[in-house]
Amino acid sequence: MSTSAVFNGDEVAPFFGFIGAAAALVFSCMGAAYGTAKSGVGVASMGVMRPELVMKSIVPVVMAGVLGIYGLIIAVIISTGINPKSKPYYVFDGYAHLSSGLSCGLAGLSAGMAIGIVGDAGVRANAQQPKLFVGMILILIFAEALALYGLIVGIILSSRAGQSRAD
């Protein structure tokens, strides 16, 4: 006599949800790592010429690190929404979570690339011309906003999960 767990919803749906959670975290962390590495190289290079500006020039590294937190937030939201033993989990829910993770993750990846490139060039330019600091910060803020847009859309898409059928 075999015992099988009662499963509500579609059997393959959690796969898409978990891929969405993984995509959010992996792509956001890839963007954070690239942004940190690229702008960190600029900080190290600039620190040779002007060591007194190193702490002021660490802003792009911090902003890149925040991108990984965005992916973590979405991954936690998605993974807590996947519990097919207590509530039916359908393919619609899996796709909602997949799109949520991809929107946040890929936005974080692109923002990390922008922050890395701007941070690298910006801190080097700031070492030569201090008046460029405010402009660099504004560009970095707009690059970070791209990831924030992905986070917001990811939260909205994740909230759509569970609305596929009237239970």
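Fair warning: this is a prediction, and the values are worked out from it, not measured in the lab. (Residues numbered from 1 in each chain as written. Predicted model: local features only at pLDDT ≥ 70, side-chain atom pairs only at ≥ 80, totals over all residues. Heavy atoms only, no water.)

J.: How would you sum up the packing of helix α2 (residues 59-80) against helix α4 (residues 133-160)? Please name residues and give values.
T.: In contact at an axis separation of 10 Å, α2 and α4 are set at 0° when each is read in the N-to-C sense. Classified by the interaxial angle, the pair formed by α2 and α4 is roughly parallel. The segment α2 lies against α4, with Val 59, Pro 60, Met 63, Val 66, Leu 67, Tyr 70, Ile 73, Ile 74, Ile 77 and Ile 78 engaging Ile 137, Leu 140, Ile 141, Glu 144, Ala 147, Leu 148, Leu 151, Gly 154, Ile 155 and Ser 158. Taken together, the residues that form the contact of α2 with α4 break down as 17 nonpolar, 2 polar and 1 charged. (Axes fitted to C-alpha atoms, helices over the stretch in contact; angles between N-to-C directions. Helix = DSSP H or I, 4+ residues; strand = E, 2+ residues; numbered from the N terminus. Parallel < 35°, antiparallel > 145°, perpendicular 65-115°, else oblique. Contact = heavy atoms within 4.5 Å. Nonpolar A, V, L, I, M, F, W, Y, C, P; charged D, E, K, R; others polar.)

J.: Outline the UniProt feature "transmembrane region" (unreviewed entry) in the protein chain, listing residues and values.
T.: Taking the UniProt record as the reference, the feature "transmembrane region" (unreviewed entry) is found at residues 12-37, 58-78, 98-120 and 132-157. Within residues 98-120, the helical portion is 100% and the strand portion 0%, while the C-alpha atoms at the span's ends are 33 Å from each other. (UniProt positions renumbered as here; feature names shortened; annotations may be inferred.)

J.: A description of a nonpolar patch on the surface should follow, citing residues and the corresponding values.
T.: Together, Leu 146, Leu 148, Tyr 149, Ile 152 and Ile 156 line one region of the surface with nonpolar side chains, adding up to about 460 Å² of accessible area. Among the secondary structure elements, Tyr 149 is positioned in helix α4. (Patch = residues over 30% accessible without salt bridge, like charges linked within 9 Å, V, L, I, M, F, W, Y side chains within 5 Å. Areas by Shrake-Rupley, 256 points an atom, 1.4 Å probe, with all protein chains shown as cover. Salt bridge = Lys/Arg side-chain N within 4 Å of Asp/Glu carboxyl O.)

J.: Please set out the pattern of salt bridges residue by residue, giving values where relevant.
T.: Within this structure, the stated rule accounts for 3 salt bridges. Notably, a salt bridge pairs Glu 52 with Arg 50, separated by 2.7 Å at the nearest N-O pair. We classify Glu 52 as exposed; its relative accessible area is 54%. Look at the salt bridges and you will find they share partners, linking Lys 38, Asp 120 and Arg 124 into a network. (Buried < 20%, exposed > 50% of the residue type's maximum accessible area, 1.4 Å probe, protein only.)

J.: Could you give an account of the nonpolar core, with specific residues and numbers?
T.: In globular proteins that are soluble, nonpolar side chains generally tend to be buried together. Formed by 25 residues in total, the largest nonpolar core has its most connected members in Leu 67, Tyr 70, Ile 74, Ile 115, Met 136 and Leu 140. Those elements that place two or more of their residues in this core are α1 (13-49), α2, α3 (91-128) and α4. Apart from the residues lying within four places of it in its own chain, the contact partners of Ile 115 are Ser 39, Pro 60, Met 63, Ala 64, Leu 67, Leu 140, Ala 143 and Glu 144. (Core = buried A, V, L, I, M, F, W, Y, C linked by side-chain atoms within 4.5 Å.)

J.: Describe the UniProt feature "domain: V-ATPase proteolipid subunit C-like" (unreviewed entry) in the protein chain, and please don't skip the residues or the numbers.
T.: In the numbering adopted here, UniProt assigns the feature "domain: V-ATPase proteolipid subunit C-like" (unreviewed entry) to residues 19-78 and 99-157. Segment residues 19-78 splits into 85% helix and 0% strand. End C-alpha atoms: 10 Å apart. Taken end to end, residues 99-157 comprises 93% helix and 0% strand; its first and last C-alpha atoms sit 7 Å apart.

J.: I'd like a rundown of the side chain of Ser 57, residues and numbers included.
T.: Here Ser 57 lies in the loop between α1 and α2. A distance of 2.9 Å separates the side chain of Ser 57 from the backbone oxygen of Leu 53, its partner in a polar contact. Sequence-distant contacts of Ser 57, that is, excluding residues within four places in its chain, are made with Val 43, Met 46, Val 123 and Asn 126. (Polar contact = N/O pair within 3.5 Å; in protein donor to acceptor, adjacent residues only side chain to side chain.)

J.: Before we move on, can you summarise the packing of α1 against α2 with the specific residues and values?
T.: At a minimum axis distance of 8 Å, the contact between α1 and α2 shows a crossing angle of 175°. Taken together, the axes of α1 and α2 are roughly antiparallel relative to one another. Among the residues forming the contact of α1 with α2, the class breakdown is 13 nonpolar, 11 polar and no charged.

J.: Tell me about the side chain of Ser 100, and name the residues and values.
T.: Looking at the secondary structure, you find Ser 100 in helix α3. Accessibility expressed as a relative area gives 0% for Ser 100, which makes it buried. Non-local contacts of Ser 100, meaning those with residues more than four positions away in its chain, are made with Ile 74, Ile 78, Gly 154, Ile 155, Leu 157 and Ser 158.

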